Amino acid sequence: MNIKRGLIAGVIGTATGALLPVILIGGYTLFSWFWHNSPAMDREADLNYWRTYGAGTVTGMALFFGLSAWATYTPPGKHRFVSTLGILTLCSLLPMIFLDLILGPSPPTHKVMEHQTDWSDILFFSLLLLAVACLIVLFRWFRTSDSEATAASPQSHPG
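The structure displayed is predicted, hence computed values, not measured ones. (Residues numbered from 1 in each chain as written. Predicted model: local features only at pLDDT ≥ 70, side-chain atom pairs only at ≥ 80, totals over all residues. Heavy atoms only, no water.)

Now for the overall build of the protein chain. A tally of regular secondary structure across the protein chain gives four helices and zero strands. Seen in sequence order, the protein chain has helices and strands lined up from the N terminus as α-α-α-α. A buried classification covers 26% of the 159 residues belonging to the protein chain. Nonlocal contacts in the protein chain, meaning residues at least 24 apart in sequence, comprise 80% of its contacts between residues at least 6 apart. By element, 71% of the accessible surface of the protein chain is carried by carbon and sulfur atoms, the whole surface being about 11200 Å². (Helix = DSSP H or I, 4+ residues; strand = E, 2+ residues; numbered from the N terminus. Buried < 20%, exposed > 50% of the residue type's maximum accessible area, 1.4 Å probe, protein only. Contact = heavy atoms within 4.5 Å. Areas by Shrake-Rupley, 256 points an atom, 1.4 Å probe, with all protein chains shown as cover.)

Take Thr29: it is sitting in helix H1 (residues 3-36). Residues contacting Thr29, with those up to four places away along its chain left out, are Asp46 and Trp50.

Following the UniProt record, one finds the feature "transmembrane region" (unreviewed entry) at residues 7-33, 53-73, 85-103 and 123-142. Within residues 85-103, the helical portion is 100% and the strand portion 0%, while the C-alpha atoms at the span's ends are 26 Å from each other. Helix makes up 100% of residues 123-142 and strand 0%, and the two end C-alpha atoms of the span are 28 Å apart. (UniProt positions renumbered as here; feature names shortened; annotations may be inferred.)

Nonpolar side chains collect at one region of the surface, where Met1, Ile3, Leu7, Leu135, Leu138, Trp141 and Phe142 lie side by side and expose about 690 Å² of accessible area between them. Elements supplying a minimum of two residues to the nonpolar patch: H1 and helix H4 (119-152). Here the element with the most residues in the nonpolar patch is H4; it accounts for four residues. Among the secondary structure elements, Phe142 is positioned in helix H4. (Patch = residues over 30% accessible without salt bridge, like charges linked within 9 Å, V, L, I, M, F, W, Y side chains within 5 Å. Salt bridge = Lys/Arg side-chain N within 4 Å of Asp/Glu carboxyl O.)

On to the nonpolar core. General note: in soluble globular proteins, nonpolar side chains tend to be found buried as a group. Within the largest apolar cluster, 14 residues are counted, with the highest numbers of intra-cluster contacts made by Phe64, Leu88, Met96 and Leu129. Looking at this core, the elements with two or more residues in it are helix H2 (40-73), helix H3 (81-103) and H4. Counting residues per element, this core draws most heavily on H4, which supplies seven residues. With near-sequence residues (within four places) excluded, Phe64 lies in contact with Leu85, Leu88, Thr89, Ser92, Met96 and Leu129. (Core = buried A, V, L, I, M, F, W, Y, C linked by side-chain atoms within 4.5 Å.)

The next subject is the environment of Thr144. Looking at where Thr144 falls in the secondary structure, it is placed in helix H4. Between the C-alpha atoms of Thr144 and Pro76, which are 68 residues apart in sequence, the distance is 6.9 Å. In terms of polar contacts, Thr144 uses its side chain to reach the backbone carbonyl oxygen of Pro76, at 3.4 Å. (Polar contact = N/O pair within 3.5 Å; in protein donor to acceptor, adjacent residues only side chain to side chain.)

Structure below.
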């Protein structure tokens, strides 16, 4: 296991995952403001929207990218980041949808009925992501150790 390499990759993946939506959404918003010559009221409404809803997007992308990078570079062997990201997404998306349907929306914590980022939901779903990433690491580690044990075993030669 390459713990140090996995932790460094996880930090880089988390930073990339946090910056990517900010750059993409911010760039699109700035381009849209410039292209449509948006008045100050529209720009303020866009900024308020992203203050309210943007934290969940940034946190989710940071978790997915960080755990995917960690699960890619911690086990021995060569693994691809994109395939790990795909496996993590597919293996965690259906349980997240199922749990969200069972649990339902969280009750509003403010007098305003507008939904904001609920950090307890993010913590709950991040534990599910962490469990899937740990299973990926364990599966790859056992698969690598089994193939090394098979390669190291003495082979009988006919003769």
